[in-house]
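So the chains spell out like this:
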Amino acid sequence: MKSPFRSVSRLVLSAVVAGGLLASAQAADAQSLIRDTEIEEILHRDADPILRAANIDPKDVQIVLIGSKDLNAFAAPRVMGVFTGLILETKNPNELQGVLAHETGHLAAGHSARSGEMNAAGMKPFLLTMGLGILAAIAGAPDAAAGLASSAGYFGTLGAIGFSREQESRADQAGATLLDKAGLSGEGLAEFFDNFRYQEVFAEARRYAYFRTHPISSDRIEALRSRVAKLPNYDKVDSPQAMAEHAIMRAKLDGFINPGVAITKYDEKAKDYPSRYARAIAYYQLKEPERALKLIEALLAEQPDNPYLWELKGQILFEFGRAPEAEAPQRKSVSLKPDAPLLRINLGQTLIALEDKQKVLEGIDELKKSLLREEDNAVAWRLLAEAYDKLDQDGLARLATAEYNFNIGDMRQARVFAMRAREMLGKGTPEWRRATDIVLVAQPTREDLRRLGREGSSLTHTH
Ligand SMILES: [Zn+2]
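Residues numbered from 1 in each chain as written. Predicted model: local features only at pLDDT ≥ 70, side-chain atom pairs only at ≥ 80, totals over all residues.

(A) Geometry of the overall build of the protein chain. Across its full length, the protein chain holds 24 helices and four strands. Taking all 463 residues of the protein chain together, 50% fall into the buried category. Considering only contacts in the protein chain between residues 6 or more positions apart, those separated by 24 or more positions represent 63%. (Helix = DSSP H or I, 4+ residues; strand = E, 2+ residues; numbered from the N terminus. Buried ≥ 20, exposed ≤ 12 C-beta atoms within 10 Å, placed from the backbone. Contact = placed C-beta atoms within 7 Å.)

(B) Expanded view of helix α11 (residues 218–230). Along its 13 residues, α11 runs 19 Å from first to last C-alpha, staying within 8% of the 18 Å computed at 1.5 Å per residue. Taken together, the buried positions of α11 are Ile 221, Leu 224, Arg 227 and Val 228. Buried residues of α11, seen end-on, are gathered within an arc of 135 degrees and therefore sit on one face of the element. Among the exposed residues of α11, those pointing more than 90 degrees away from its buried face are Ser 218, Asp 219, Glu 222, Ser 226 and Lys 230. Against the buried residues of α11 lie α8 (165–181) and α9 (187–195). (Expected span 1.5 Å × (residues − 1). Arc of directions from axis to C-beta.)

(C) Helix α23 (residues 430–441), seen in detail. Between its first and last C-alpha, α23 extends 17 Å over twelve residues, near the 16 Å set by a 1.5 Å rise per residue. For α23, every residue scored as buried is listed here: Ala 435, Thr 436, Asp 437, Ile 438 and Val 439. Next to the buried residues of α23 lie α21 (394–407), α22 (411–424) and α24 (446–454). Directly beyond the C-terminal end of α23, a positive phi value near 45 degrees is found at Gln 443.

(D) Quick look at the environment of Phe 318. Relative to the assigned elements, Phe 318 resides in helix α16 (residues 307–319). Of the residues examined, Phe 318 has 23 C-beta atoms within 10 Å and is grouped as buried. Linking Phe 318 and Asn 346, residues 28 residues apart in sequence, is a C-alpha distance of 9.0 Å. Look past the residues within four positions of Phe 318 in its chain and what remains in contact with it is Ala 323, Ala 326, Gln 349 and Thr 350.

(E) A look at unusual backbone geometry. Positive phi is not limited to glycine here, since Asn 55 has a value of about 60 degrees. By the secondary structure assignment, Asn 55 is in the loop between α2 (37–53) and β2 (62–67). With a phi angle near 60 degrees, Asp 392 is a residue other than glycine that sits in the positive phi range. For Asp 392, a count of 7 C-beta atoms within 10 Å corresponds to the exposed category.

(F) View of the nonpolar core. Among the nonpolar cores identified, the biggest contains 113 residues, and Val 82, Leu 384, Ala 400, Ala 402 and Ala 418 are the most heavily contacted of them. Of the residues forming this core, the biggest block, nine residues, is contributed by helix α20 (residues 378–390). Each residue touching Leu 384, except ones within four places of it in the same chain, is listed here: Ile 364, Leu 367 and Ala 400. (Core = buried A, V, L, I, M, F, W, Y, C linked by C-beta atoms within 7 Å.)

(G) Representation of the packing of α16 against helix α18 (residues 341–353). At a closest axis distance of 11 Å, the pairing of α16 and α18 adopts a crossing angle of 30 degrees. One finds that α16 runs roughly parallel with respect to α18. Where α16 crosses over α18, the handedness of that crossing is left-handed. Between α16 and α18, the contacting residues are Pro 307, Glu 311, Gly 314, Gln 315 and Phe 318 on the first element and Leu 343, Asn 346, Gln 349 and Thr 350 on the second. When its residues are assigned to classes, the contact of α16 with α18 shows three nonpolar, five polar and one charged. (Axes fitted to C-alpha atoms, helices over the stretch in contact; angles between N-to-C directions. Parallel < 35°, antiparallel > 145°, perpendicular 65-115°, else oblique. Left-handed = near helix turned anticlockwise from the far one by under 90°. Nonpolar A, V, L, I, M, F, W, Y, C, P; charged D, E, K, R; others polar.)

(H) Focus on the confidence of the model for the protein chain. Here the protein chain shows a mean pLDDT of 82. Residues at 70 or above account for 80%. pLDDT under 50 marks residues 1–30. Its contacts with residues more than four places away, or in other chains, come to 56 contacts. A low-confidence stretch, residues 113–150 stays under pLDDT 50, and its non-local contacts, those more than four residues away or across chains, total 77 contacts. (pLDDT = per-residue confidence, 0-100.)

Here you go:
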């Protein structure tokens, strides 16, 4: 999203190209993975009926949000990617569901075999997990940016898989069937492609990448229209709740990604929730926290049980150097939504920033709870390292740093920190064994192995 990612992501991407996994470099645009509990939940509510119709358990599918202007989406085994550009270009949930159904159609028809090639090549997506607002802060940390870029490169690659016209029409048909089976209209599917009919006349280079890899033609759109119109659920419309959630998701993304535009796009006098939400976020991004907080207070007066408003309030206070004030709103967001790890990470981050040992210990507890649900959350590991450091628990701090590096895919640093952690942790303790595990899975050098051998380390994995 921010420029620091660009150069790194090109580097990583060229490595992918050199590996022969990517036919073209179309995915070279800067992309970043974005985490946001509210948007992820809305996307799941949009996608789940379609996944179920395809006999896929939604619990097995992680939906990832990719920050990119491109209109794109992809479905691979266990992961569905949705680009922010696509969300912002879909007029209603049914259009978004249409694209997701089309992509699920590719998956169901076995078209994304290339993702299998990537798995075979050992390319694991390292999900760098962060809230929309934390991206800017992380941009100053080159190691985190590198991890982020390697993930984004991976997802960019999946999103850039090209299909033949025949495969496209098969995915359309499968998508239409899935939508109907899910009790949804296929109109949005036809409508979305129709909205971009003009792309057909553009030269390859001027097209959105999505339409370079998913060619559209008038014939295809007509075939799709006549097919979906015949299906029993064609006249179904989006529920008012789905419409409202779609508007909230778009408003949130507009506020975070295009704050300068959002401040004029959403009218100051508008009374609706999405407009005021977008403006609050935009003011926060434009570094006007007081104006943002004033708008949020008004929204909270109407929706005192909305965990995301409390999350936003806490986030703003924390980022503008008011950690003690951020504690209460973040506690409130966690109490309203105790199962959401990202909300706990926010609370943990605030608690460990306070000058109070008891609070730091409590913050460690919150971070650990979030890791029970998301053990690969790199940001939580990084904060945990910071907290242990603050308490002079050097061995645990090194171990958390090793975990952090492991989860952003930096195996060399993971190994180095795990080796240091082993020297400081009590031999045979669970933490010491975990450090040993990391050394063993993070491509140990011969020297590392000799050292482990001298100590008679067990090679059994504990997880
Ligand atoms: Zn397609």
